[in-house]
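Chain and residue survey
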Amino acid sequence: MAFVMPTKTFTARNWQEALLMVKAELGEGAVILKSAARAARPGQSEQVEVTASNEADAVARGKPAAGGTARQLAKVYGKSQPAPIMPGVGGALERELGELKELVRGLSLRSDLAQSRDFAPPLRALAAHMQMQGFSPERTGQVCSLVGRAANEAEAMAGAVEAMATLIQCGGPIKTTVAQCRVVALVGPTGVGKTTTLSKLAANFKVSAKSRIGVITVDTYRLGATEQLRTLGGILEVPVRIVMTPGEIQAALRELRECDLLFIDTAGRSPKDAMRMNELRAFMLAAQPDETHFVFPATHHPRQVHAAIEKFGTGVSRLVLTKLDEAAALGPALDIVLGAGKPLSYVTTGQNIPGDIELADSHRLARLMLGLDELSVGHPV
């Protein structure tokens, strides 16, 4: 007789709500079998569907749940080969199922932290607040442990700001040197806001600091990037040079050596594209910048930042965190900043030039992550 696993499909407005429904009805041992987003109908918002099963029921019958843990599946498939998440299913869906299982685990950990008897009520309230702001369970536990004791919720929140401020390392502004041209390069993956960030920095140093600015771009892959910088150069009356080869960048550096600050804009590169990464390294080797700022958005998954910086090389000196205004929650940004392992120099909070950029301040960023401050037009840099 064929074994049929009892399943149930849950429909919700978003993934987090669906997973909470799964956990509430089927328990923490539930296995996600299938997930899909349903297109919105006229007058309705988009919905998601998650099909799940109670893993304990399946194991009790002597059969593995399709999304069972590696330990359980190893008993059936043997230890000589890896146990698939779902036999016969492609890698893309396997990754999606893995991410959903990770979300279920995260929701469980957050719930445990918010109810933990190890923490006094003020810290449990802090953990619940951090959960709402999107902090990872591990980072929530770390901050609560650093706070240690608090007489009330306000004191716990103030302690969290101080604890996070000690974790966030800031590197200060780009510095100019009298009678010396300083070269600053911006690098990072595609679509992270390098050209817009460079434009903000160049405009602020030109207008506020009265510095002599020059711009060199090696981003000849995107017409929009070169046009944006040409327009900026015309408005600010700063020289802009477009270079095609490492040899040309050396010539441009010599030509613009009378500038106080030379900004180098680079093309976005996927860390997995070895050929393009080698091209970028050749340009950076020829330019020998005094500072290299790695630009990364608050909208990306924290796990990506450290691996990406390693691919971009040891020349990266600081981190610029962009698109804070586009992030659903700023709690995950703490993992991005700490995962980068580099001092934070600037954050951007919108598209406006020269505004919407701030010099990184650990207390300000901690308050933003905790939802205690509002994003605003950036401070002068």
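Conventions used here
Residues numbered from 1 in each chain as written. Predicted model: local features only at pLDDT ≥ 70, side-chain atom pairs only at ≥ 80, totals over all residues. Heavy atoms only, no water. Helix = DSSP H or I, 4+ residues; strand = E, 2+ residues; numbered from the N terminus. Buried < 20%, exposed > 50% of the residue type's maximum accessible area, 1.4 Å probe, protein only. Areas by Shrake-Rupley, 256 points an atom, 1.4 Å probe, with all protein chains shown as cover. Axes fitted to C-alpha atoms, helices over the stretch in contact; angles between N-to-C directions. Parallel < 35°, antiparallel > 145°, perpendicular 65-115°, else oblique. Left-handed = near helix turned anticlockwise from the far one by under 90°. Contact = heavy atoms within 4.5 Å. Nonpolar A, V, L, I, M, F, W, Y, C, P; charged D, E, K, R; others polar. pLDDT = per-residue confidence, 0-100. Pairing = 2+ DSSP bridges. Right-handed = clockwise from strand over helix to strand, strands pointing away. Salt bridge = Lys/Arg side-chain N within 4 Å of Asp/Glu carboxyl O. Phe/Tyr/Trp six-rings, centres within 6.5 Å; stacked < 30°, edge-to-face > 60°. Core = buried A, V, L, I, M, F, W, Y, C linked by side-chain atoms within 4.5 Å.

The number of helices and strands found in the chain is 14 helices and 11 strands. Counting over 381 residues, the chain shows a buried share of 45%. On the chain, roughly 19,000 Å² of surface is accessible, and the fraction owed to carbon and sulfur atoms is 52%.

Attention shifts here to the packing of helix α6 (residues 137-147) against helix α7 (residues 153-167). Their axes nearest at 9 Å, the elements α6 and α7 cross at an angle of 110°. One way to sum up the angle between α6 and α7 is to call them roughly perpendicular. The handedness of the crossing between α6 and α7 comes out as right-handed. Contacts between α6 and α7 involve Gln142, Val143, Leu146 and Val147 on the former and, on the latter, Ala156, Gly159, Ala160, Ala163, Met164 and Leu167. Classifying every residue of the contact of α6 with α7 by side-chain character gives eight nonpolar, two polar and no charged.

Here the focus is the confidence of the model for the chain. Averaged over all residues, the pLDDT of the chain equals 79, while 72% of them reach at least 70. Confidence over residues 58-92 falls short of pLDDT 50; this stretch has 48 contacts with residues more than four positions distant or in other chains.

We now examine the side chain of threonine 348. With respect to the element layout, threonine 348 can be found in strand β10 (residues 344-348). Accessibility expressed as a relative area gives 4% for threonine 348, which makes it buried.

For the rest of this paragraph, the subject is the pairing of β10. With five of its five residues buried, β10 lies for the most part within the structure. Bridging between strand β9 (residues 318-322) and β10 involves three bridges; their strand directions are parallel. Across the sheet, the residue bridging to valine 320 is tyrosine 346, located in β10. A crossover links β9 with its parallel partner β10, the connecting element being helix α13 (residues 332-340), and its sense is right-handed. Pairing between β10 and strand β11 (residues 357-359): three bridges, direction antiparallel. For valine 347, the partnering residue across the bridge sits in β11 and is glutamate 358.

Another aspect to go through is the pattern of salt bridges. In this structure the tally under the stated criterion is nine salt bridges. Put simply, lysine 8 and glutamate 25 hold a salt bridge, and the shortest N to O gap is 2.4 Å. Pair noted here: lysine 8 is in strand β1 (residues 7-12) and glutamate 25 is in helix α1 (residues 15-26), with a separation of 17 residues, a long-range link. The class for lysine 8 is partly exposed, based on a relative accessible area of 35%. For arginine 182, the salt bridge is made with glutamate 291, and the minimal N-O distance between the two is 3.0 Å. Residue arginine 182 is located in strand β4 (residues 182-187), and its partner glutamate 291 is located in strand β8 (residues 291-297); the two are separated by 109 residues in the primary sequence.

Moving on, we get to the sheet that holds β9. Judged by pairing direction, the sheet is mixed, and its eight strands sit side by side in the order β6-β5-β7-β4-β8-β9-β10-β11 without closing on themselves. In this open sheet, the two strands that pair with only one neighbour each are β6 (240-242) and β11. Strand-to-strand twist in this sheet, taken as the mean axis angle between neighbours without regard to direction, amounts to 20°. Where β4 lies against β8, four bridges are found, and the strand directions are parallel. Pairing of leucine 186 across the sheet is with histidine 293, part of β8. The sheet strands contacting helix α8 (residues 194-207) are β4, β5 (213-217), β7 (261-265), β8, β9, β10 and β11, and the helix crosses β7 at an angle near 170°.

Take the packing of aromatic side chains next. With the rule as written, the count across this model stands at two aromatic pairs. Measuring from centroid to centroid gives 6.3 Å for phenylalanine 205 and phenylalanine 263, while their planes differ by 50°, and the two rings are tilted. Here the residue phenylalanine 205 occupies a position in helix α8, and phenylalanine 263 occupies one in strand β7, the gap between them amounting to 58 residues. With respect to class, phenylalanine 205 is no different from phenylalanine 263; both count as buried. On the basis of an interplanar angle of 20° and a centroid distance of 6.0 Å, the ring pair of phenylalanine 294 and phenylalanine 296 is categorised as stacked. As far as the burial class goes, phenylalanine 294 and phenylalanine 296 line up, both buried.

Attention now moves to the nonpolar core. Judged by nonpolar contacts, the single largest core of 62 residues is most densely connected at Leu126, Ile216, Ile249, Phe294, Leu321, Leu365 and Met369. Not counting residues up to four positions away in its chain, the partners in contact with leucine 126 are Cys144, Val147, Ala156, Met157 and Ala160. Ala202, Val215, Leu229 and Phe263 belong to the second largest nonpolar core, which has 22 residues in total.

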